Amino acid sequence: MLKYIKNKHIKKFGDFLVGICISIPSFWLGIIFMFVFGVILRLFSVGYNNSFTSLLLPCAVIAIPNIGVITRYIKSNLEYEMREEYIKYLFVNGMKMKWLNLYILKNSILPVVPLAGMMVIDLITGIVIIEQIFSIPGIGRLLITSVLTRDIPLIQGLIFYTSVVLVLINFFIDIIYSLIDPRIKEEK
């Protein structure tokens, strides 16, 4: 059916690499990246200096664990879909591999849409540590400062703003998911 990677060592190395990407904490990865790419190699600035290049390291630190999670999720979905009976039926009846691979890929990517939405929500609420490590002025840093200075109206405003954004993101995720998968319809 689908062409697998024949070498088991390459599969094991890929699984190991994805596992490392998932398990490394963002704050530790941020500190290591700052030391290696900022101090030793001097390729990027260590802190935020209002330029595009100063945002590359924080973006990489945020993206690496998310890429690992999505990769593992898609891989397990692909393996599940390839064992389904309808795929075996279509293959036996002579469907071209190009179309068969499209069926498998489409059905494997569907569960990733809500996962990607949850990752966007995590990016909005969870990058406070990255903002602190790379000294980026952002909403998370403003929230920490307002908590330390006990600015109650600002705390309430930031929490309300974050809540509204999270509700809107969940709404758009539901709309996108229903557009991608026509089996999901609203009840009448």
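Summarised in this report is the structure supplied together with it. (Residues numbered from 1 in each chain as written. Predicted model: local features only at pLDDT ≥ 70, side-chain atom pairs only at ≥ 80, totals over all residues. Heavy atoms only, no water.)

Here we come to the packing of aromatic side chains. What the rule picks out here adds up to 3 aromatic pairs. Taken together, a centroid distance of 5.2 Å and an interplanar angle of 85 degrees make the contact between F33 and F37 edge-to-face. Of this pair, F33 and F37 are both found in helix α2 (residues 26-40), 4 residues apart, which corresponds to roughly one turn of the helix. With relative accessibility at 14%, the residue F33 sits in the buried group. Each residue in the set F33, F37 and F44 is aromatic and connected to the rest through ring pairs, giving one cluster. (Phe/Tyr/Trp six-rings, centres within 6.5 Å; stacked < 30°, edge-to-face > 60°. Helix = DSSP H or I, 4+ residues; strand = E, 2+ residues; numbered from the N terminus. Buried < 20%, exposed > 50% of the residue type's maximum accessible area, 1.4 Å probe, protein only.)

Time to look at the pattern of salt bridges. Following the criterion strictly, the structure yields 3 salt bridges and no others. Put simply, K75 and D15 hold a salt bridge, and the shortest N to O gap is 3.3 Å. On the criterion of sequence distance, the pair formed by K75 in helix α3 (residues 56-82) and D15 in helix α1 (residues 8-23) is long-range, its members being 60 residues apart. Looking at D15, the relative accessible area reads 32%, which means it is partly exposed. With a shortest N-O distance of 3.9 Å, E85 and K88 are connected by a salt bridge. One end of the pair, E85, and the other, K88, are both in helix α4 (residues 85-92), 3 residues apart, so they sit about a helical turn from each other. Among the residues examined, E85 registers a relative accessible area of 57% and is labelled exposed. By relative accessible area, which is 37% here, K88 ends up partly exposed. A network of salt bridges, in which partner residues are shared, links D15, K75 and E79. (Salt bridge = Lys/Arg side-chain N within 4 Å of Asp/Glu carboxyl O.)

Before going further, it helps to spend a moment on the side chain of N77. On the secondary structure map, N77 appears in helix α3. Note on N77: relative accessible area 15%, which makes it buried.

This part takes up helix α9 (residues 152-180). Residues that lie three or four places apart on an α-helix share one face, since the helix turns once every 3.6 residues. A rise of 1.5 Å per residue sets the reference length of α9, with its 29 residues, at 42 Å; its end C-alpha atoms lie 42 Å apart and thus fit the reference within 8%. Within α9 the residues assigned to the buried category are I155, L158, T162, I169 and I173. Elements that come into contact with the buried residues of α9 comprise α6 (112-126) and α8 (139-148). (Expected span 1.5 Å × (residues − 1). Contact = heavy atoms within 4.5 Å.)

As for its placement among the helices and strands, L143 is situated in helix α8. Measuring from C-alpha to C-alpha, the distance between L143 and I159 comes to 8.6 Å, with 16 residues separating the pair along the chain. When sequence neighbours within four positions are dropped, the list of residues in contact with L143 reads I155 and L158.

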